[in-house]
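Architecture at a glance
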Amino acid sequence: MLQRELLYAALGTGFTCLATVLGAGMVFFFKKEMSHTMQKVFLGFAAGVMIAASVWSLLIPAMEMAEGRGQSVVLPVGGGFVLGGLFLMALDRLLPHLHIGSDEAEGLPAHWKRTTMIVLAVTLHNIPEGMAVGLSFSVAAREGGALAGAVALALGMGLQNFPEGAAVSLPMKSQGVSRRKAFLCGAASGVVEPIFGLLTVLVAGSVTGIMPWVLAFAAGAMIYVVVEELIPEAQLGEHSHAGTASVMAGFLVMMLLDVLLG
């Protein structure tokens, strides 16, 4: 059964990783960097998708699993959610990274190249995404009826990963980095999704009864990214309504995907 779960998880996270790679490939077709307005729209859209995915694809299934096993919902779901947020908070504080459009690095001091720091910033976003998609497909491998929801999640994540890959590669090209290197950096930011997706499935599958905890953990990690990074960045500038509208659009798209495919 674990091999089947890993196969499903590899397919799901492979799709979302491919979306990032294709987005990074836009550096071969466009010369100019994305406008700040477009960056805010994409960030807001990603935030909306991740909020909806956290609720429908992670927290609700975690509660249903806990209830189905006669467990209290509060401890595994609430505890897992808090632990996921703390995990991403620790990574955010420790891992040196630089957000696109910013000149101030975060995390521990490090004399790394700017391109490396930007890739690491996007990698932080992709860790909980990989966990979420991997877990959803793992659940689908156990329960056939959950496959539609997992596919909806992968599609939603893929929709926001495509512009995310472009948002890494295009600014690098405008800063003098070669097209090939900019593409590789953008693509590399998506590789973390299958890695963390498969690792999370291995952990969840090796310990009986831990799946509700891990699902809630991924949700907490995603919500931390949304609140700490995506929404604040989408709201920068005078015309913050563009970021707000894109958050609502992302949430609506993810919700519709889940309802229509579910």
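The sections below set out a description of the structure shown in this document. The model shown is predicted, which means the values in this text are computed figures rather than measured ones.

Our next topic: the overall build of the protein. On a plain count of helices and strands, the protein comes out with eight helices and zero strands. Of the regular secondary structure in the protein, the N- to C-terminal order runs α-α-α-α-α-α-α-α. In terms of C-alpha radius of gyration, the protein reaches 18 Å, essentially the compact-globule figure of 18 Å for 262 residues. Along the first, second and third principal axes, the C-alpha set of the protein runs to 55 × 35 × 35 Å. The 262 residues of the protein split such that 50% are buried. Considering only contacts in the protein between residues 6 or more positions apart, those separated by 24 or more positions represent 80%.

Side chains that differ in charge, positive against negative, can pair when their charged atoms come close. Applying the stated criterion across every chain yields a total of one salt bridge. Of the charged contacts in the structure, one is a salt bridge between Arg142 and Glu5, with a shortest N-O distance of 2.8 Å. Of this pair, Arg142 sits in helix α4 (residues 114-142) while Glu5 sits in helix α1 (residues 2-24), and the two are 137 residues apart along the sequence. Judged by relative accessible area, Arg142 falls into the partly exposed class, the value being 32%.

A contiguous nonpolar surface patch, about 660 Å² in accessible area, is contributed by Phe15, Leu147, Val151, Leu155, Leu252, Leu256, Leu260 and Leu261. In terms of residue count, helix α8 (residues 241-261) provides more of the nonpolar patch than any other element does, four residues in total. Within the element layout of this structure, Leu155 appears in helix α5 (residues 147-174). Using a relative accessible area of 33% as the deciding quantity, one classes Leu155 as partly exposed.

Once that is clear, we can look at α5. Over its 28 residues, α5 extends 41 Å from the first C-alpha to the last, a length consistent with the 40 Å expected when each residue adds 1.5 Å. A maximum bend of about 25° is found in α5 at Asn161, where proline Pro163 lies one to four positions downstream. Of all 28 residues making up α5, 20 are buried, and the element is well covered by its neighbours. Count one or two residues on from α5 and you reach Gly176, which has phi positive near 100°.

Once that is clear, we can look at the nonpolar core. Counting residues in each nonpolar core, the largest one holds 48 residues, and the members touching the most others are Met157 and Leu230. Broken down by secondary-structure element, the contributors of at least two residues to this core are α2 (36-68), α3 (74-94), α4, α5, α6 (179-206), α7 (211-234) and α8. A per-element tally of this core places α7 first, with 13 residues. With sequence-adjacent residues up to four places away left out, Leu230 is seen in contact with Leu43, Ala46, Ala47, Met50, His125 and Val225. If you look at the next biggest cluster of nonpolar residues, it comprises 14 residues, including Ile118, Val119, Val168 and Met172.

Within the secondary structure layout, Gln3 lies in helix α1. As a C-alpha pair, Gln3 and Met117 span 114 residues in sequence and 35 Å in three-dimensional space.

Our focus in this paragraph is the environment of His97. Looking at the element boundaries, His97 is found in the loop between α3 and α4. For His97 and Gly23, which are 74 residues apart along the polypeptide, the C-alpha to C-alpha distance reads 21 Å. Residues contacting His97, with those up to four places away along its chain left out, are Asp92, Ala105, Glu106, Gly107, Met117, Leu120, Ala121, Leu124 and Glu229. Looking at His97, its side chain comes within polar contact range of the main-chain oxygen of Leu95, at 2.6 Å.

Attention shifts here to the side chain of Ser138. Along the chain, Ser138 turns up in helix α4. Residue classification places Ser138 among the buried residues on the basis of a relative accessible area of 0%. Setting aside residues no more than four positions away along its own chain, Ser138 makes contact with Glu5, Val201 and Met211.

If you check α1, its first and last C-alpha atoms are 32 Å apart, about what 23 residues at 1.5 Å a residue would give, namely 33 Å. Of all the residues in α1, the buried ones are Glu5, Tyr8, Ala9, Gly12, Thr13, Thr16, Cys17, Ala19, Thr20, Gly23 and Ala24.

Conventions used here
- Just so you know, the residues in each chain are numbered from 1, in the order the chain's sequence is written.
- In keeping with the model being predicted, local features are shown solely for residues with a pLDDT of at least 70 and side-chain atom pairs are shown and tallied solely at 80 or more, while totals for entire chains, interfaces and linings include all residues.
- Derived side-chain values reflect all non-hydrogen atoms in the structure, with water molecules and hydrogen atoms excluded from consideration.
- Comment: elements are numbered from the N terminus, with helices defined as DSSP H or I runs of at least four residues and strands as E runs of at least two.
- Here the globule rule reads 2.2 Å times residues to the power 0.38, and the radius of gyration is calculated from C-alpha atoms.
- Each residue is placed in one exposure class: buried if its accessible area under a 1.4 Å probe, protein chains only, is under 20% of its type's maximum, exposed if it is over 50%, and partly exposed if it falls in between.
- Two residues qualify as a contact provided that any one of their heavy atoms is within 4.5 Å of a heavy atom in the partner residue.
- Here a salt bridge means any side-chain nitrogen of Lys or Arg lying within 4 Å of a carboxyl oxygen belonging to Asp or Glu.
- What goes into a patch is any residue over 30% in relative accessible area without a salt bridge, connected to like charges within 9 Å or, for nonpolar side chains (Val, Leu, Ile, Met, Phe, Trp, Tyr), within 5 Å.
- Surface accessibility in these figures is a Shrake-Rupley result with a 1.4 Å probe; residues are shielded only by whichever protein chains are displayed.
- Expected span, for any helix, means 1.5 Å times one less than how many residues it has.
- One axis is fitted to the seven residues ending at the residue and one to the seven starting there. The bend at that residue is the angle between these axes.
- Each nonpolar core is a collection of buried residues, namely Ala, Val, Leu, Ile, Met, Phe, Trp, Tyr and Cys, held together in the definition by side-chain atoms within 4.5 Å.
- Any pair of N or O atoms that falls within 3.5 Å is considered a polar contact. Within protein, one atom must be able to donate a hydrogen and the other to accept it, and sequence-neighbouring residues count only if both atoms are side-chain atoms.

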